[in-house]
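Take a look at the letters that make up each chain.
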Amino acid sequence: MKSVQIIKSISGLRARLDQARADGQRVGFVPTMGYLHDGHGSLMKRARDECELVVVSIFVNPLQFAPDEDLASYPRDLQRDTALAQSCGVDILFVPEVIEMYPNGQVKTQVSVPELAAHWDGASRPSHFTGVATVVSKLFNIVGPCHAYFGRKDFQQLVVIRQMATDLSMPVTVVGCPTIREADGLAMSSRNSYLSPADRQAAVVIYQGLQQGKRAALAGETNPAAIVQTVTDVICCELRATIDYVAAVDRASLTVPEWLSAESLILVACWFGKTRLIDNVLIRRGDATAE
Ligand code: AMP
């Protein structure tokens, strides 16, 4: 198997990708913060299936962490990440230092999508989505025309990025991919590594709550408050869990409708000790298999 090429400079990546496109190759791009797991792996494999050249970026972006969050302790392991990327057939790992991405320290330009970022995770983490949209727009400008793969695990992020790419006419096709879960249903996340064994066991309650909410919705419940109550009742049975929010929303606007339409979404954010986990489930009435 061809080994993954590691590129650290913006100019080096640009030159390589411009050449690939000139040769008629389609570029697939998977932005990540590293500490890769099979959730990331599914995005890489999808990109591998659909594109001739696959680039994965690993960059723990300081802009999207608040001062009291886990920037310093965010897990990192480039050797392991390189092996996983290689096993998924990735061609290039783009691993810039912070100084390469932000040579003057602070950026003076920000990209934000306030209407979509105001609630849920954006309410709990006020500067988060501006940090995400700013770094992803920078990465899209560096990578250039491509297909970019994002997980539905971070659904609000996906909606924000898709809107940003459309509004700013970025030459990028944003592709949303299903959430990959552990055997017991917990959504895979780099932050799961923070959980104590007891919290790890308890964390499955998020999935159980979401499934209960989904069952209620598929059985015909369309009142968002009733769905939220159903999910909350399940999660509250687990004393190790502290709910940040539970919401039942329209999947396009992420706002709470009077009545849920056939295409909606249940979102959860929950603390286990100092670890905050998020998850969601799509509801497509008429399609019980929808993730
Ligand atoms: P992160 O490294 O956590 O910033 O995630 C990078 C990308 O991987 C984002 O598009 C995430 O939505 C996606 N991702 C993370 N966890 C999962 C998962 N369990 N299933 C699918 N995609 C995921």
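See the structure shown above.
As the structure is a computational prediction, the values presented were derived from the model and not from experiment.

### Quick notes on the overall build of the protein
Along the backbone of the protein there are 11 helices and nine strands. The C-alpha atoms of the protein give 19 Å as radius of gyration, which agrees with the globular expectation for 291 residues (19 Å, within 12%). By its C-alpha atoms, the protein is 55 × 40 × 40 Å across when sized along the principal axes. Buried residues in the protein amount to 52% of all 291 residues. Considering only contacts in the protein between residues 6 or more positions apart, those separated by 24 or more positions represent 73%. A total accessible area of about 13300 Å² is found for the protein, and carbon and sulfur atoms account for 51% of it.

### Brief notes about the sheet that holds strand 8 (residues 263–272)
Read across the open sheet, the three strands follow the order 7-8-9; overall the sheet is antiparallel. Looking at the sheet topology across the chains shown, the edges are occupied by strand 7 (241–250) and strand 9 (275–284). Sheet twist, expressed as the average angle between the axes of neighbouring strands with direction ignored, equals 15°. As paired strands, strand 7 and strand 8 are joined by nine bridges and run antiparallel to one another. What sits directly across from Tyr245, in strand 8, is Ala269. Set on the sheet, helix 10 (residues 204–218) makes contact with strand 7, strand 8 and strand 9; between it and strand 9 the angle comes to about 20°.

### As for the site of the ligand
Lining the immediate surroundings of the ligand are 17 residues, of which His40, Gly151, Asp154, Ile180 and Met188 lie closest. In the environment of the ligand, an oxygen atom lies 2.9 Å from a nitrogen or oxygen atom belonging to the backbone of Met33. Contact between the ligand and Asp154: an oxygen atom at 2.6 Å from a side-chain N or O atom of the residue. Contact with the protein chains hides 92% of the accessible area of the ligand, taken as 480 Å² for the molecule alone. Those elements that place two or more of their residues in the shell around the ligand are strand 2 (27–32), helix 2 (38–50) and strand 5 (146–151).

### Looking at the pattern of salt bridges
For the coordinates displayed, the defined rule picks out 13 salt bridges. Asp154 is paired through a salt bridge with Lys153; the nearest N and O atoms lie 3.7 Å apart. On the basis of relative accessibility, which here comes to 13%, the residue Lys153 falls in the buried class. Where salt bridges share partners, they join Asp121, Asp244 and Arg276 into one cluster.

### Focus on the sheet that holds strand 6 (residues 172–177)
On the basis of which strands lie adjacent, the open sheet formed by six strands has the order 1-4-3-2-5-6 and parallel pairing. Whereas interior strands pair on both sides, the edge strands pair on one side only; in this sheet they are strand 1 (5–7) and strand 6. Recorded for the sheet is a direction-independent mean angle of 25° between the axes of neighbouring strands. Where strand 5 lies against strand 6, six bridges are found, and the strand directions are parallel. When the bridges of strand 6 are listed, Cys146 appears paired with Val172. Helix 3 (residues 78–87) rests against strand 1, strand 3 (53–58) and strand 4 (92–94) of the sheet, and its axis sits at about 145° to strand 4.

### Description of the packing of helix 7 (residues 128–143) against helix 8 (residues 155–167)
Helix-helix packing is described using two parameters, namely the angle between the two axes and the distance between the axes. Orientation of helix 7 relative to helix 8, taken along the N-to-C sense of each, is 50°, at an axis distance of 10 Å. As the angle between them shows, helix 7 and helix 8 are arranged oblique. You can see that helix 7 and helix 8 cross each other, and the crossing is right-handed. Residues Phe129, Val132, Ala133, Val136, Ser137 and Phe140 of helix 7 pack against Gln156, Gln157, Val160, Ile161, Met164 and Ala165 of helix 8. For the contact of helix 7 with helix 8, the class distribution of residues is nine nonpolar, three polar and no charged.

About the thresholds
- Along each chain, numbering runs from 1 in the same order as the chain's sequence is written.
- Reporting in this predicted model follows two pLDDT cut-offs: at least 70 for local features of residues, and 80 or more for side-chain atom pairs to be given and counted; totals over whole chains, interfaces and linings ignore these cut-offs and use all residues.
- Each side-chain value is derived from all of the structure's non-hydrogen atoms; neither hydrogens nor water enter the calculation.
- Comment: elements are numbered from the N terminus, with helices defined as DSSP H or I runs of at least four residues and strands as E runs of at least two.
- Atoms considered for the radius of gyration are the C-alpha atoms alone. The globule rule reads 2.2 Å times the number of residues to the power 0.38.
- Only protein chains enter the area calculation, which uses a 1.4 Å probe; residues under 20% of their type maximum are buried, those over 50% are exposed, and those in between are partly exposed.
- We call two residues in contact when some of their heavy atoms are within 4.5 Å.
- Every accessible area reported is derived by Shrake-Rupley at a probe size of 1.4 Å, with residue values counting cover from the shown protein chains alone.
- At least two bridges found by DSSP between two strands are what make those strands a pair.
- The axes are straight lines fitted to the C-alpha atoms, using for helices just the contacting stretch, and the angles between their N-to-C directions are given from 0 to 180°.
- For this purpose, a residue is taken to be near a molecule or strand whenever a single non-hydrogen atom of the residue falls within 4 Å of it.
- N or O atoms closer than or at 3.5 Å make up a polar contact, with two conditions inside protein: a donor-capable atom paired with an acceptor-capable one, and, for residues adjacent in sequence, both atoms drawn from side chains.
- A pair is scored as a salt bridge if a Lys or Arg side-chain nitrogen falls within 4 Å of a carboxyl oxygen belonging to Asp or Glu.
- Just so you know how the angles are binned, under 35 degrees is roughly parallel, over 145 roughly antiparallel, 65 to 115 roughly perpendicular, and the rest oblique.
- Left-handed describes a crossing whose near helix is turned anticlockwise from the far helix by less than a right angle; the clockwise case is right-handed.
- Only Asp, Glu, Lys and Arg are considered charged, only Ala, Val, Leu, Ile, Met, Phe, Trp, Tyr, Cys and Pro nonpolar, and every remaining residue, Gly among them, polar.

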